[in-house]
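As a plain string of letters, each chain reads:
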Amino acid sequence: MSAERPYIDKEHPEVYGAMVKAAAASRSAAREAGLGDDTLELINIRVSQINGCPTCLGIHSAKARKAGVAQGTLDVLPAWREVAAFTDEQRAALELAESLTVIDPTIDRQAVNTRAAAHLTTAQISAVEWTATLINAFNRISIASGHPVLGQ
C-alpha cells in the first residue's frame, strides 16, 4: 500500500468532472444574476485565504487581476471590513462567503442574509452561496491532494 497522497481529482476523474461542471453552471448563474467576475474572484480568493489553499490562491489571484481587480485591492482583501476598496455588493458577498466557510454556530445566518439582501438580489445571494460552497470544495480537493502552486 502506498503512503503517497493521491491526487483525488486524477484518481476519480468522473467525480472531479462533475465538480468542474457544477462550477461552470454556478459561474453562468452568477453572471446571469448580474455578478461580475471581479466579485466572484474576490469570493474565491477570500475563501481560499481562510482555508489556506495555496493552489486555489494562485489560480484565483491571477483570474481576479484579469477580471480587473487591482493588486492593491487584493493586498487588503483579508481586511475588507476595514478599507474602502470594496463595493457594498462585494462586502455583502464576502460576508456571505465567510459565513459559509467557517461554520460558526454563533453567527446568525439569517442576519447575514438580511444584511446581504440590502445590496444583493435573491438570485445574487444564491449565486454567491454556490460560489462559496464550490470554492470550499475545490480548496479541500487541492488540500487533500497536496496540489502544487501552478508555476512554482
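Calculation criteria
- Residues numbered from 1 in each chain as written.
- Predicted model: local features only at pLDDT ≥ 70, side-chain atom pairs only at ≥ 80, totals over all residues.
- Heavy atoms only, no water.
- Axes fitted to C-alpha atoms, helices over the stretch in contact; angles between N-to-C directions.
- Helix = DSSP H or I, 4+ residues; strand = E, 2+ residues; numbered from the N terminus.
- Parallel < 35°, antiparallel > 145°, perpendicular 65-115°, else oblique.
- Left-handed = near helix turned anticlockwise from the far one by under 90°.
- Contact = heavy atoms within 4.5 Å.
- Nonpolar A, V, L, I, M, F, W, Y, C, P; charged D, E, K, R; others polar.
- Phe/Tyr/Trp six-rings, centres within 6.5 Å; stacked < 30°, edge-to-face > 60°.
- Buried < 20%, exposed > 50% of the residue type's maximum accessible area, 1.4 Å probe, protein only.
- Salt bridge = Lys/Arg side-chain N within 4 Å of Asp/Glu carboxyl O.
- Polar contact = N/O pair within 3.5 Å; in protein donor to acceptor, adjacent residues only side chain to side chain.

- As annotated in an unreviewed UniProt entry, the protein chain carries the name Carboxymuconolactone decarboxylase family protein and is attributed to Nocardiopsis tropica.

### Examining the packing of helix α6 (residues 88-101) against helix α7 (residues 109-117)
Item 1. In the contact formed by α6 and α7, the axes pass within 9 Å of each other and the chain directions differ by 160 degrees. When the axis of α6 is compared with that of α7, the two are roughly antiparallel. Handedness of the α6/α7 crossing: left-handed. Contacts from A92, E95, L96, S99 and L100 of α6 reach α7 at R109, V112, N113, R115 and A116.
Item 2. Looking at the contact of α6 with α7 residue by residue, the class counts come to 5 nonpolar, 2 polar and 3 charged.

### Here's the deal with the packing of aromatic side chains
Item 1. Inspection of the entire model under this criterion finds 1 aromatic pair.
Item 2. An angle of 90 degrees between the planes, with centres 5.8 Å apart, marks the rings of Y16 and F138 as edge-to-face. Placement of Y16 in helix α2 (residues 13-32) and of F138 in helix α8 (residues 122-145) is noted, with a sequence separation of 122 residues between them.
Item 3. Given the relative accessible area of 29%, Y16 is considered partly exposed.
Item 4. Here F138 falls in the buried class, since its relative accessible area comes to 14%.

### As for the pattern of salt bridges
A side chain with one charge can pair with a side chain of the opposite charge if their charged atoms come near.
Item 1. What the rule picks out here adds up to 8 salt bridges.
Item 2. Residue D9 is joined to K10 by a salt bridge in which the shortest nitrogen-to-oxygen separation is 3.7 Å.
Item 3. For K10, a relative accessible area of 61% gives the class exposed.
Item 4. Salt-bridge contacts for E129 lead to R109; the nearest nitrogen and oxygen are separated by 2.6 Å. Residue E129 is found in helix α8, and its partner R109 is found in helix α7; the two are separated by 20 residues along the sequence.
Item 5. On the accessibility criterion, E129 (18% relative accessible area) is buried.
Item 6. Residue R109 is classed as partly exposed on the basis of its relative accessible area, which comes to 28%.
Item 7. Among the charged side chains, a salt-bridge network with shared partners connects R27, R31, D37 and E41.

### Some thoughts on the side chain of S145
Item 1. Its place among the elements puts S145 in helix α8.
Item 2. For S145, a relative accessible area of 2% translates into the label buried.
Item 3. Here the side chain of S145 touches I8 through a polar contact of 2.9 Å, landing on its backbone nitrogen.
Item 4. With near-sequence residues (within four places) excluded, S145 lies in contact with R5, P6, Y7, I8 and D9.

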